[in-house]
Amino acid sequence: MTDLLRSTWHEPRPPGAPRWPRRDWVLVAVLLAATVLEGLLRPDLPWRVLSVVVVAALVPTLLWRRTQPLLMLVLVFGASAVIEVLTDGVAPASYAMAYLLILPYSLVRWGSGREIVLGAAVVSGKLALTGFLGHTSAGDLFGGVVVLFASFALAAAFRYRAGARRREFDQIKLLERERLARDLHDTVAHHVSAMAIRAQAGLAIMESRPEAAAEALRLIEAEAAAALDEMRAMVHVLRRDQPAELAPGQGLADLPKLASTSRPAVDVVISAEIGDVSPSVGSALYRLAQESVTNARKHARHATRIEVTVAADDTAVHLRVSDDGDGGPARTAPGYGLLGMIERADLLGGSCEAGPEPGRGWTVRASLPRAGAPA
């Protein structure tokens, strides 16, 4: 029980409390009009002028019920308690005072844990004072407690629901950021790796074939420009509070672009019909193949060839990327790239695994359903 009270006491305010929405102004205007009409049309209203003035003066507190819920509740319940003592429980007795139920609701919905505890104490004190002075019967007092408890429970339910939705959105944002991080690693690492290879080749042939070195510089410039464009696109999405473009940028049709004649040579073979493959699956397969080629170029020592093969059956598309290099111990521990590949395949309901071949080389195998993960 102590732990529950301590956790409640330290509960922060929920974010996103609206400030003076139009519907609150409408509510205040309607309540003010109802208070005045009740004072004019109800001759049996005790302390008519005082009741109308007090209720009309306290109604505007509803405008701050979300941003300052405890202060507004203390003002209204405190003022009503003082008036009740001064008039011996007669005023205020306006029907418009029913809006008091909105303040306990707002306290639990928008207040911090500390404010909720203090506000509950204020409300309890007000009810205890009413019962002690005998201004209401035991049955009416019990009914008031039940109504207030229902108001608290309803506000707690809406607060929990809003918190659950907020946590769900946060999780979605986190997953999207992870995807962006994987895309950043996959695309930029691929371009940087290509630039490094071209630079090494240019340095090696610079003296014997100056024209080939110039061609390598042009290729490096193109790879750098592509990497910069992709980084700018992703940073634009991260900086702006707007939905990201959901259409995949590259897919299975772009796999032939990975082919290269520079050592190690990359051969791409697509031996299946891929026209009906889901765009998300095609994009994921392209990223998996791109990351696998990048890893092979980085870590496959003495490799002469990298083979990228795509096959398919009625339900799934299968990707295989293998090299003939000497993997060695450095390739046995999975890094962020391989972990990202496994996560990406798992998100789409598929699988991805990588490991050394029995004789020589390293192979990445991935299988994804044609339509992606089920909803």
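- The name an unreviewed UniProt entry assigns to the chain is histidine kinase, from the organism Amycolatopsis xylanica.
- Per UniProt, the comment on the chain under Catalytic activity (unreviewed entry) is "ATP + protein L-histidine = ADP + protein N-phospho-L-histidine."

**A look at the environment of Val277**
- Relative to the helices and strands, Val277 is located in the loop between strand E1 (265–270) and helix H9 (279–299).
- The spacing of Val277 and Ala312 is 35 residues in sequence and 9.7 Å in space, taken between C-alpha atoms.
- Aside from chain neighbours lying at most four places away, what touches Val277 is Leu252, Gly282, Val317 and Arg370.

**Examining the pattern of salt bridges**
- Under the definition given, this model contains 9 salt bridges.
- Glu115 is the salt-bridge partner of Arg13, the closest N and O atoms lying 2.6 Å from each other. With Arg13 in the loop between helix H1 (2–9) and helix H2 (22–41) and Glu115 in helix H6 (residues 113–133), this pair connects stretches of sequence that are 102 residues apart.
- What makes Arg13 partly exposed here is its relative accessible area of 33%.
- A salt bridge links Arg65 to Asp24; its shortest N-O distance comes to 3.0 Å. Residue Arg65 is found in the loop between helix H3 (48–58) and helix H4 (69–86), and its partner Asp24 is found in helix H2; the two are separated by 41 residues along the sequence.

**Description of the sheet that holds strand E2 (residues 305–312)**
- If you walk across this open sheet you meet the 5 strands as E1-E2-E3-E5-E4, and the pairing is mixed. The open sheet has two edge strands, E1 and strand E4 (351–356), and neither has a second partner. Adjacent strand axes in the sheet meet at a mean angle of 10 degrees, parallel and antiparallel pairs treated alike.
- Note: strand E3 (residues 316–323) against strand E5 (residues 362–369), 8 bridges, orientation antiparallel. Counted as the bridge partner of Leu319 is Ala366 from E5.
- Sitting on the sheet, H9 is in contact with E1, E2, E3 and E5, with an inclination near 10 degrees to E3.

Rules used in this analysis
- Residues numbered from 1 in each chain as written.
- Predicted model: local features only at pLDDT ≥ 70, side-chain atom pairs only at ≥ 80, totals over all residues.
- Heavy atoms only, no water.
- UniProt positions renumbered as here; feature names shortened; annotations may be inferred.
- Helix = DSSP H or I, 4+ residues; strand = E, 2+ residues; numbered from the N terminus.
- Contact = heavy atoms within 4.5 Å.
- Salt bridge = Lys/Arg side-chain N within 4 Å of Asp/Glu carboxyl O.
- Buried < 20%, exposed > 50% of the residue type's maximum accessible area, 1.4 Å probe, protein only.
- Pairing = 2+ DSSP bridges.
- Axes fitted to C-alpha atoms, helices over the stretch in contact; angles between N-to-C directions.

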